[in-house]
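Examining the three-dimensional arrangement
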Amino acid sequence: MNVKLISYTPDALNLLLGTKNTRLANASDPATWTDEERAEHLAYMRDTIKSSWEFVDYVFRIEGVTRAFTHQLVRTRTGSYAQEAQRVVNVADRAVAVPPSVAADDEALNYWNYAVDIINGSYQALQSRGIPRQDARGLLPTNITTSIIAKFNLRTLHEMAKLRLCTRTQGEYQDVFRQMRSLVTLIHPWAAEFIEVHCVAHGTCAFPRYGSKECPVWFPALDNTPAREEARKRFWSVRYEAAPVAHGGKAM
């Protein structure tokens, strides 16, 4: 696989801070702030309403990945996508990615390769008989490789990272997302804290039943069941309403 960051929002940090600042009627330009002020406001933004994060966009070209992966990727409704069209492109002899579990078993690999050869030969034979490519593609395996361009804003990447970096996610998706995160943080190092797996971001496990049984990252403190039960009791026993005010570019 190959992941490239082909476009991103210029001057993203100042835009991010500026949009949040505008919401609180503070006219100062973040470009004039000290590094300490910018870091302070950035830390504040990570713990508040995330609407301003949507102003920062990243566009990735992702190549040599399986259709199985892209089917999962496009389920993220808040992304934009342009994918290679099997309806019109001849993908005869296109690589079909072998899962590690199959590659590790010689007999399973023989079955896999046999099936792929039959499918590819049949796909070409159908086209040679005048069957439209859009119909012949129905034979193609899910793991045939493809390419896709995907655009996400920072808020979407933040939400995706919490689960798609998790060890419970299929390996190909983990690998692609690790590359996406690496590319973003290379140009915007400050974004690293915005794009984190759930356990690192929140100190709890997103999938505790899985985590306690299998995840190599899991440790008992990640199970927040007792804290949730205590919070449930407290929350449903009160009715409270905050009254925040803007002060120093923050809602206090």
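Use the structure listed above.
Attention in this report is confined to the structure presented alongside it.

Rules behind the numbers
Residues numbered from 1 in each chain as written. Predicted model: local features only at pLDDT ≥ 70, side-chain atom pairs only at ≥ 80, totals over all residues. Heavy atoms only, no water. Helix = DSSP H or I, 4+ residues; strand = E, 2+ residues; numbered from the N terminus. Contact = heavy atoms within 4.5 Å. Pairing = 2+ DSSP bridges. Axes fitted to C-alpha atoms, helices over the stretch in contact; angles between N-to-C directions. Phe/Tyr/Trp six-rings, centres within 6.5 Å; stacked < 30°, edge-to-face > 60°. Buried < 20%, exposed > 50% of the residue type's maximum accessible area, 1.4 Å probe, protein only. Lys NZ or Arg CZ within 6 Å of the ring centre and 35° of its normal.

Okay, the environment of tryptophan 112 next. With respect to the helices and strands, the residue tryptophan 112 is situated in helix α5 (residues 106–128). A sequence separation of 22 residues divides tryptophan 112 from asparagine 90, and the C-alpha atoms of the two residues are 22 Å apart.

Moving on, we get to the side chain of threonine 204. Secondary-structure assignment places threonine 204 in the loop between α9 (198–202) and α10 (208–213). For threonine 204, the residues in contact, after removing those within four places along its chain, are His198, Cys199, Leu222 and Asn224.

Moving on, we come to the sheet that holds strand β1 (residues 2–8). Pairing within the open sheet is antiparallel, and its four strands lie in the order β1-β2-β4-β3. Unpaired on one side and paired on the other, β1 and β3 (80–83) mark the two borders of the sheet. Going from strand to strand, the sheet's axes swing by 20° on average, the running direction of each strand aside. With nine bridges connecting them, strand β2 (residues 57–66) and strand β4 (residues 145–153) associate as antiparallel partners. Bridged to arginine 61 within β4 is isoleucine 149. Along the sheet face, helix α7 (residues 154–164) touches β2 and β4 and points at about 115° away from the line of β4.

Glancing now at the packing of aromatic side chains. Summed over all chains, the structure comprises five aromatic pairs. Ring geometry for tryptophan 53 versus phenylalanine 194: centroids 4.5 Å apart, planes at 70°, classification edge-to-face. You can see tryptophan 53 sitting in the loop between α2 (35–46) and β2 and its partner phenylalanine 194 sitting in the loop between α8 (171–187) and α9, a full 141 residues away along the chain. With respect to burial, tryptophan 53 and phenylalanine 194 carry one shared label: buried. Here the aromatic rings of phenylalanine 69 and tyrosine 173 are separated by 5.0 Å at their centres, their planes lie at 90°, and the arrangement is edge-to-face. With a gap of 104 residues between them, phenylalanine 69 in helix α3 (residues 67–73) and tyrosine 173 in helix α8 connect regions that are remote in the sequence. We classify phenylalanine 69 as buried; its relative accessible area is 1%. Under the relative-accessibility criterion, tyrosine 173 is labelled buried at 1%. Among the aromatic residues, those joined into a ring-pair cluster are Trp53, Trp190 and Phe194. Sitting above the plane of the tryptophan 53 ring, lysine 50 keeps its charged end 5.5 Å from the centroid. In this structure, arginine 168 is placed above the aromatic ring of phenylalanine 207, and the distance from its NZ or CZ to the ring centre is 4.5 Å.

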